[in-house]
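Overview (structure and organization)
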Amino acid sequence: MREIQTLQNALQIAESRILELTKQNTDLKNANDILQKSNEQAISYLQKLTPQPFLQLIEIHLAESCNLNCFSYSHFSQLAPNEMPDIQSYEKEIKRLSEITNGLVGRFHLMGGEPLLNPNCKDFFAITRKYFPNSAIWLVTNGILLTKQETSFWESCKNNRIEIHPTKYPIKVDWDLIKAKCESYGIPLKFFNNENVVKTSIKFILEPKGNIDAYNSFINCGMANNCVQLRDGKLYPCNIAANIEFFNQRFNQNLQIVDSDFIDIYKAKDYTEILQFLAKPIPFCRYCNLKKWRSIGEWKTSKKEIGEYLE
């Protein structure tokens, strides 16, 4: 009996030790997860604040307005007038951009708004390719007007190596016909979001008082120094700052854009100055309340009310 009791006591001690070690292992795993998450966040911040070796992406609007009416769109296309860039001014800008970057830009997104509202898309394709022979050029579209394009459009896409990257919305579009057309011309077609993922809406909360910490907004923003936009000869580190005029005009607001919110490609002395500028917060960041940006689930249309951008 004494031996059995001794064994039972030893077993209890062993079980207790196993439970203790298991808890320690769980605590260590949780601590490691926290450290790993903290490390990943630190790396993300460092990348945001480190100038890119060259511009990976530049967004350009071929049309300001859109034939969809998206809720709380970050480009404010549902509020924008039906305007398009002047072709001569566009070529001047692209030529200057090529000169100052030595033609080294990773990718262009020709978009909007809805770029296919511009009847001269093919001419913008040719100009972009002329000055950037080695860059990827994506047409970012909702796809509604693709089936109505003439042969000259498809030939321009083929000749200028344009990739078509549609965003899939919960609307009726003949994607089979579009896929067949792209395949017949050898044009790459890849959905911008995911062919099996239907677009959802995000509510971008702004703070018109401009009392948000600009530094924290910048380092936590997925668009900053990532969705660089060229507009009227100026490069902005994000599309919200580049297009805020449409918000201001529609709702009689004054979210200010100042000279230090952009860099003028005609005044920049070299590529390094541009890359360094884009890797730091701008004054406009004080208007973006990133902590309250959120998905609202399903895609919905805009009522063009200021409440779509306010909490």
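Residues numbered from 1 in each chain as written. Predicted model: local features only at pLDDT ≥ 70, side-chain atom pairs only at ≥ 80, totals over all residues. Heavy atoms only, no water.

1. Observations regarding the overall build of the chain
Counting its secondary structure elements, the chain contains eight helices and nine strands. Radius of gyration (C-alpha) of the chain: 25 Å, far over the 19 Å computed for a compact globule of 311 residues. In terms of its C-alpha atoms, the chain occupies a principal-axis envelope of roughly 100 × 45 × 45 Å. Out of the 311 residues in the chain, the part that is buried amounts to 44%. Long-range pairs, those at least 24 residues apart, make up 81% of the contacts in the chain with a sequence separation of at least 6. Of the accessible surface of the chain, which amounts to about 16,800 Å², a share of 50% is contributed by carbon and sulfur atoms. Computed over 37 positive and 35 negative side-chain charges, the separation of the two mean positions in the chain equals 1 Å. (Helix = DSSP H or I, 4+ residues; strand = E, 2+ residues; numbered from the N terminus. Rg over C-alpha atoms; globule rule 2.2 N^0.38 Å. Buried < 20%, exposed > 50% of the residue type's maximum accessible area, 1.4 Å probe, protein only. Contact = heavy atoms within 4.5 Å. Areas by Shrake-Rupley, 256 points an atom, 1.4 Å probe, with all protein chains shown as cover. Lys, Arg positive; Asp, Glu negative; His and termini not counted. Charge placed at Lys NZ, Arg CZ, Asp CG, Glu CD.)

2. Observations concerning the nonpolar core
Counting residues in each nonpolar core, the largest one holds 76 residues, and the members touching the most others are Leu-235 and Ile-240. Among the elements that take part in this core, helix α7 (residues 239-251) stands out by supplying seven residues, more than any other. Excluding anything up to four places from it in sequence, Leu-235 contacts Leu-55, Ile-58, Leu-97, Val-228, Gln-229, Leu-230, Phe-262, Ile-263, Ile-265, Ile-274, Phe-277 and Leu-278. (Core = buried A, V, L, I, M, F, W, Y, C linked by side-chain atoms within 4.5 Å.)

3. A closer look at helix α4 (residues 151-159)
Taken together, the buried positions of α4 are Phe-153, Trp-154, Ser-156 and Cys-157. Around the axis of α4, the buried residues are gathered within 160° of arc, so they sit on the same side. At its buried positions, α4 is contacted by α3 (121-131), β3 (136-141), β4 (162-166) and α5 (175-185). In the segment just after α4, Arg-161 is the residue with positive phi, at about 55°. (Arc of directions from axis to C-beta.)

4. Regarding unusual backbone geometry
The backbone of Phe-76 shows a phi angle near 60°, a positive value even though the residue is not glycine. Tracing the backbone through its elements, the reader meets Phe-76 in the loop between β1 (55-61) and α2 (87-101). Judged by relative accessible area, which is 1%, Phe-76 ranks as buried. One non-glycine residue, Asp-232, lies in the positive phi region at around 55°. Classification of Asp-232 as exposed rests on a relative accessible area of 54%.

5. Some details on the state of the cysteines
Summed over all chains, the structure comprises zero disulfides. Among the cysteines around Cys-70, which has no disulfide bond, Cys-66 carries the closest sulfur, lying 5.7 Å off. The class for Cys-70 is buried, based on a relative accessible area of 11%. Unpaired in terms of disulfides, Cys-157 finds its nearest cysteine sulfur in Cys-182, a separation of 7.5 Å. (Disulfide = S-S within 2.5 Å.)

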